[in-house]
Amino acid sequence: MSTVSDGKVVIFHYTLTNQATGETLDTSRERGEPMPYLHGAQNIVPGLEEQMVGKAIGDSFIAVVPPEKAYGIDHGVEPEAVPRTEFPADAPLQPGMPLRAQTPDGQVVQLWIANLDDENVYVSQMHPLAGVTLSFDVEIVNIRDANDNEKTHGHPHGIDGTSGHGH
Ligand code: ZN
């Protein structure tokens, strides 16, 4: 019987909630299609990936994941205001959107948009879910071996491993 381990593509349904507030943050069930990921390739947050190990097709469970194994702890750093004029006029800016910025010494840093107003974009070094304990309601739909392409790329190519995605 197939269980979750490195090199397997795991196809699962999940509903992600903020454990403290009960707010639903995301759910594959609403989209109707389960999500595939390649186990051992850091496609999903570390705390969820480690709780997937050994699970079998048909298993359902709740995985509670603390911030340090999800999107990081909340450092309490205030977002920084950046004038909207520094962004392209047609950029589809919205809260939670990831950005990459380059520091003057050429380092690339990952940033997120915390919020927006008419004049400024408030940019944070913390993921919008930093400091949040996540609760995943998981159902394992299928487990299959990753094909060579998927192993090389480090991610699944769809539910059955055949879907192209432009590379
Ligand atoms: Zn690929």
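Our structure is the block above this text.
Worth saying up front: this structure is predicted, and the values here are computed from it rather than measured.

**Q** Looking at this model, I keep getting lost on the overall build of the chain. Mind explaining?
**A** Of the regular secondary structure elements, the chain holds three helices and nine strands. Put simply, the chain runs from its N terminus to its C terminus through helices and strands in the order β-β-α-β-α-β-β-β-β-β-β-α. Over its C-alpha atoms, taken along the principal directions, the chain stretches across nearly 55 × 40 × 30 Å. For the chain, with 167 residues in total, the buried portion stands at 35%. Of the contacts formed within the chain by residues at least 6 apart in sequence, a portion of 61% connects residues at least 24 apart. Accessible area of the chain: about 9,800 Å², with a carbon and sulfur share of 48%.

**Q** It is not clear to me how the pattern of salt bridges should be interpreted in this structure. Could you clarify?
**A** Within the structure shown, the criterion is met by five salt bridges. The residue D26 makes a salt bridge to R31 at a minimum N-O spacing of 3.1 Å. On the basis of relative accessibility, which here comes to 27%, the residue D26 falls in the partly exposed class.

**Q** I would appreciate a short explanation of the packing of aromatic side chains in the present structure.
**A** Note on aromatic pairs: each is described by the distance of the centres and the angle between the planes. Counted by the stated rule, this structure contains two aromatic pairs. Judged by centre distance (5.6 Å) and plane angle (85°), the ring pair of F12 and Y37 falls under edge-to-face. Of this pair, F12 sits in strand β1 (residues 8-18) while Y37 sits in strand β3 (residues 35-38), and the two are 25 residues apart along the sequence. Among the aromatic residues, those joined into a cluster by ring pairs are F12, Y14 and Y37. For the cation-ring pair, K55 lies above F61, with the distance from its terminal atom to the ring centre recorded as 4.4 Å.

Cut-offs applied
- Residues numbered from 1 in each chain as written.
- Predicted model: local features only at pLDDT ≥ 70, side-chain atom pairs only at ≥ 80, totals over all residues.
- Heavy atoms only, no water.
- Helix = DSSP H or I, 4+ residues; strand = E, 2+ residues; numbered from the N terminus.
- Buried < 20%, exposed > 50% of the residue type's maximum accessible area, 1.4 Å probe, protein only.
- Contact = heavy atoms within 4.5 Å.
- Areas by Shrake-Rupley, 256 points an atom, 1.4 Å probe, with all protein chains shown as cover.
- Salt bridge = Lys/Arg side-chain N within 4 Å of Asp/Glu carboxyl O.
- Phe/Tyr/Trp six-rings, centres within 6.5 Å; stacked < 30°, edge-to-face > 60°.
- Lys NZ or Arg CZ within 6 Å of the ring centre and 35° of its normal.

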